[in-house]
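Each chain, written out:
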Amino acid sequence: MTAVAAEADSVAAGLGRPEAGGTELPLPGGFVLRRHGDVDVLAAGVGPAAAAVATATALACARDPYGLVVSAGIAGGFQPLAPLGAVVVSDAVVAADLGAQTPDGYLAVEELGFGRSAHRVAKPLTDRIAAALPDAVVGPVLTVSTVTGTAGRAAELAERHPGAVAEAMEGFGVAEAAAAHRVPVVEIRAVSNAVGPRDRAAWRIGDALAALRDAFQQLSRTAFVELPSCPS
């Protein structure tokens, strides 16, 4: 699962040529799966709600059960853990702003007495992906509905979520849908910018998309080989 077409194109380029004939599969809601052997690629839209809807639709309409769901794309990286161009692999997918602000600070949704704000990725799965991508940075990947644009917000998130390596906008929605269908999930992203003050001139989107392509090329030869199906 990706957010936008450019990310889906990079993932697809890494996976290689699609199957001959029937390379696209329309789904309810106007979604279109792109088939690449045993891997399906779908651009879901931006944000956790859109990602959850698209992922749930794909899982519900699957002809055969999926073995893995991957939330993929580009992301902001927490410095210095995840520099520009780095690939990050989640050991947890965290809804970083699902909760409440109080006079005493932020409370996650669990502390409010309902819901959850994190999905732990099974360690064998994280280890398998990381082994295939030896230069990748492993850690929690945060999902936010508003991209961080200040140093203060970056510092707040880093303090609240020690070891966080990146932030993006879709992973938790993907993880919620995957959990509802009892399918393992992992988030894989390439860093296009630093989490912090918004500086478009410093973004390296092209480099991040290339890193994303290269990561999925490597995964298609290694970690994905024995899985029955891995939607990205």
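Residues numbered from 1 in each chain as written. Predicted model: local features only at pLDDT ≥ 70, side-chain atom pairs only at ≥ 80, totals over all residues. Heavy atoms only, no water.

**A word on empty space enclosed by the protein**
- Evaluation of the coordinates by the stated rule reveals one cavity of 30 Å³ or more.
- Each pocket or cavity is described by its volume, and for the largest cavity that value is around 30 Å³.
- Lining the largest cavity are Val147, Thr148, Asn193, Ala194, Val195, Gly196, Pro197, Arg198 and Trp203. (1 Å grid on protein atoms, 1.4 Å probe; cavity = no way out; pocket = protein on both sides within 12 Å on 5 of 7 lines; lining within 4 Å. Points joined across faces, edges and corners; volume = space filled by probe spheres on them.)

**So, the confidence of the model for the protein**
- In this model, the protein carries a mean pLDDT of 92, and residues with pLDDT of at least 70 account for 94%.
- Ignoring residues within four places in sequence, the model shows residues 228–232, a span with pLDDT below 50, making 26 contacts including any to other chains. (pLDDT = per-residue confidence, 0-100. Contact = heavy atoms within 4.5 Å.)

**Considering the layout of surface pockets**
- Estimates place the volume of the largest pocket at around 400 Å³.
- What lines the largest pocket is a set of 20 residues, and nearest its centre among them are Glu7, Ile74, Ala75, Val147 and Met169.
- Of all the secondary structure elements, the ones that give two or more residues to the lining of the largest pocket are α1 (5–15), β4 (69–77), β10 (166–168), β11 (185–194) and α6 (205–221).
- Counted by class, the lining of the largest pocket contains twelve nonpolar, three polar and five charged residues. (Helix = DSSP H or I, 4+ residues; strand = E, 2+ residues; numbered from the N terminus. Nonpolar A, V, L, I, M, F, W, Y, C, P; charged D, E, K, R; others polar.)

**What to know about unusual backbone geometry**
- A cis amide bond links Gln79 to the next residue, Pro80, at an omega of 0°.
- In this fold, Pro80 is placed in the loop between β4 and β5 (87–95).

**Digging into the nonpolar core**
- Within the largest apolar cluster, 49 residues are counted, with the highest numbers of intra-cluster contacts made by Ile129, Phe216, Leu219 and Phe224.
- The leading source of residues in this core is α6, at seven residues. (Core = buried A, V, L, I, M, F, W, Y, C linked by side-chain atoms within 4.5 Å. Buried < 20%, exposed > 50% of the residue type's maximum accessible area, 1.4 Å probe, protein only.)

**Some remarks on the environment of Val138**
- Along the chain, the position of Val138 falls in strand β9 (residues 137–143).
- When neighbours within four sequence positions are excluded, Val138 is seen to be in contact with Val89, Asp91, Thr126, Ala130 and Val165.

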